[in-house]
Amino acid sequence: MAGTQYRGSEITDVDQFLKDAGGLESEREKEIGQHIGYRYDVNLVPDYDRLTPFLAEYMEVMGWDDLNWLEDVHMGYEEGMPAVFDRNINGWVRVPDSISLPDNQQDRDMIARELLVKFQMSERHPLVALRKVYMKF
Amino acid sequence: MASVTDQELKQMSQEERVTAFGMRTEQLTGRSLYIEFEEDEGSNFTYPWAPDVDFNKRVEIDADEFDTTGANNKIRELMEEGYGTIVIKNPRGKHSLGVGILSRLNLIIEGSTGYFGVGLIDGPNVRINGRVGWSCGENMMSGTVLIEKNAGSTFGAAIRGGDLVCRGSVGSRTGIDMKGGTIIVGGDTGALSGFMMQRGRMVVCGNAGKNLGDSMYDGTIYVGGEIQSLGVDAVPAELTQLDKDWLTRKLSQYDLMPETGVDHFTKVVAGKQLWNYDNLEPNEKKLIL
């Protein structure tokens, strides 16, 4: 199951990085004093039985047979808060408290993918403003 | 530093040495924009600026009538008119064809393209019936690209997402600096494939050349045939049932599933000996500068 393994250490609790904001788990993290938050094992398959209706429709609209780029997207944790890494802004976007987290990583990953697509496709995304300023064509 | 002798410096740890030079240590932290999702964000499937196209609305253009820029502008123009399926005839090896498409689209290229074809794309599904030159799908963000014949070197350079598939063989440095997504090669791949790979997955159904996965930081490479040699810090790993399931699904999706299955594939990952992140790095840079 995706997200149950973490580079250099085993995740024993789905809330591990919520309880331990520092998240210094692996030897490498202890050495550098920094949680490497985006290094979840992305090589494992998402559970397609847990697709949200939004993601199923997204795949259909885009004409894809699977989640495509979203297979690389997972729920991560920044300073003890659930967050998703947005490659378009090279930063974490936090999940607000009002969204309750399921008790397993697969469902959390699906929520992360849905939130990220909705955010990237919204007028609120920083890329919209950047595009207005820098777009070439 | 007159108060610290060379002998004392040699006996110090790196952190003590930096402090002795009068510099404080800095803890590196992730870049944080402190942006939060909103629960009622809206439900768009495409970027706000993306044209509303219909896959059932099809048009053909003859690339002979345009130079590369003209052909790429024509594609955008047709997308603005709502065409969701665009067929390009007579590409005749034009370079940089079909680049920078940031929306959903079915793009069919009937022939071969030159270098940097369909680079920088984010969303479209592309099928190329011929061959492609260097760096096809370079910096691809999402979507699918299927090439029916062979591809040149640096296939999928710096790809970040999506599926980039070549049914034939590809040149050297396939997936150099790849940061995500999936590259699938139906035939063989050349030397230094997966060089400086940071994330994502590469599948080679045939053989791989010298120095496979050289200096890879992360990601996974699967090879169905022979590997001439592994590069620096690339190591074999156990092929798990999850790997097999994923390979079976992905290869079946593009009709590239070998008759013998996927059990014989070799999995290659990073040995992590090059993970030399250091929280003193900024100070070391200051020392040099």
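Residues numbered from 1 in each chain as written. Chains lettered and ligands numbered in written order. Predicted model: local features only at pLDDT ≥ 70, side-chain atom pairs only at ≥ 80, totals over all residues.

Draft legend 1. Molecular detail of the overall build of chain A. Looking only at helices and strands, one finds five helices and five strands in chain A. The N-to-C order of helical and strand elements in chain A reads β-β-α-α-α-β-β-β-α-α. When the 137 residues of chain A are sorted by exposure, 39% land in the buried category. For chain A, restricting intrachain contacts to residue pairs at least 6 apart in sequence, the fraction spanning at least 24 positions comes to 63%. (Helix = DSSP H or I, 4+ residues; strand = E, 2+ residues; numbered from the N terminus. Buried ≥ 20, exposed ≤ 12 C-beta atoms within 10 Å, placed from the backbone. Contact = placed C-beta atoms within 7 Å.)

Draft legend 2. Examining the environment of Asp 40 of chain B more closely. You can see Asp 40 of chain B is positioned in the loop between strand E1 (32–36) and strand E2 (54–62). A C-alpha to C-alpha distance of 33 Å links Asp 40 of chain B and Val 145 of chain B, two positions 105 residues apart in sequence.

Draft legend 3. Quick peek at the sheet that holds strand E4 (residues 106–110) of chain B. All names here are of chain B. Spatially, the 11 strands line up as an open sheet ordered E2-E3-E4-E5-E6-E7-E8-E9-E10-E12-E11, and their pairing is mixed. The open sheet terminates on both sides in strands that have one partner only, identified here as E2 and strand E11 (234–237). The mean inter-strand angle of the sheet, taken between neighbouring strand axes irrespective of direction, is 15°. One ladder, built from four bridges, connects strand E9 (residues 199–204) with strand E10 (residues 220–223); its direction is parallel. In the strand pairing of E10, Arg 201 is matched with Thr 220. Together, strand E8 (179–185), E9, E10 and strand E12 (266–270) form the strand contacts of helix H4 (residues 241–253), whose direction differs from that of E9 by roughly 70°. (Pairing = 2+ DSSP bridges. Axes fitted to C-alpha atoms, helices over the stretch in contact; angles between N-to-C directions.)

Draft legend 4. Layout of helix H4 (residues 105–120) of chain A. Over its 16 residues, H4 of chain A extends 22 Å from the first C-alpha to the last, a length consistent with the 22 Å expected when each residue adds 1.5 Å. Burial within H4 of chain A is extensive, with 15 of its 16 residues counted as buried. (Expected span 1.5 Å × (residues − 1).)

Draft legend 5. Quick peek at the nonpolar core. Counting residues in hydrophobic clusters, the biggest one holds 61 residues, and the most contacted among them are Ile 147, Ile 183, Val 185, Val 203 and Val 223 of chain B. Those residues in contact with Val 203 of chain B that sit more than four places away from it in its chain are Ile 184, Val 185, Tyr 222, Leu 247, Lys 250 and Leu 251 of chain B. Grouped together as the second largest cluster of nonpolar side chains are 25 residues, Met 75, Phe 85 and Phe 119 of chain A together with Phe 37 of chain B included. (Core = buried A, V, L, I, M, F, W, Y, C linked by C-beta atoms within 7 Å.)

Draft legend 6. Local environment of the confidence of the model for chain B. Residue and element names in this part refer to chain B. In this model, chain B carries an average pLDDT of 90, and 89% of its residues clear a pLDDT of 70 or more. Confidence drops under pLDDT 50 across residues 282–289; counting only partners more than four residues distant or on other chains, this segment forms seven contacts. Reported confidence for the predicted complex is 0.85 by ipTM and 0.86 by pTM. (pLDDT = per-residue confidence, 0-100.)

Draft legend 7. Representation of the pairing of strand E4 (residues 81–86) of chain A within the structure. Residue and element names in this part refer to chain A. Of all six residues in E4, five are buried; the element is thus mostly enclosed. Pairing of strand E3 (residues 75–78) with E4, which is carried by four bridges, proceeds in the antiparallel orientation. Among the inter-strand pairings, Gly 76 is bridged to a residue of E4, identified as Ala 83. Taking the residues between adjacent antiparallel strands as the criterion, E3 and E4 are bridged by two residues, where Glu 79 takes a positive phi near 50°.

Draft legend 8. Region of interest: the pairing of strand E6 (residues 142–147) of chain B. Residues and elements named next belong to chain B. Of all the six residues making up E6, five are buried; the element is thus mostly covered by neighbouring parts of the structure. Of the strand pairs in this sheet, strand E5 (residues 122–128) and E6 are connected by five bridges, and their pairing is parallel. Directly across from Asp 122, in E6, lies its bridge partner Ser 142. Bridge count for E6 against strand E7 (residues 163–166) is four bridges, and the pairing is parallel. Bridging across to E7, Ile 147 finds its partner in Cys 166.

Draft legend 9. Geometry of the packing of helix H3 (residues 53–62) of chain A against H4 of chain A. Residue and element names in this part refer to chain A. It is the contact of H3 with H4, at a shortest axis distance of 9 Å, that shows an interaxial angle of 60°. Considering their axes alone, H3 and H4 lie oblique with respect to each other. Here H3 and H4 pass one another in a crossing that is left-handed. Residue-level inspection shows Phe 54, Leu 55 and Tyr 58 of H3 in contact with H4, the latter providing Met 110, Arg 113, Glu 114 and Val 117. (Parallel < 35°, antiparallel > 145°, perpendicular 65-115°, else oblique. Left-handed = near helix turned anticlockwise from the far one by under 90°.)

Draft legend 10. Geometry of H4 of chain B. Residues and elements named next belong to chain B. Under the 1.5 Å per step criterion, the end-to-end length of H4 is 18 Å for 13 residues, consistent within 8% with the ideal 18 Å. What H4 keeps buried is the set Asp 243, Trp 246, Leu 247, Lys 250 and Leu 251. The arc that holds the buried residues of H4, viewed along the axis, is 115°, so those residues lie on one side. Of the exposed residues in H4, the ones pointing more than 90 degrees away from its buried face are Gln 241 and Ser 252. If you follow the buried residues of H4, they end up packed against E8, E9, E10 and E12. Asp 255 sits one or two residues past H4 and shows a positive phi near 55°. (Arc of directions from axis to C-beta.)

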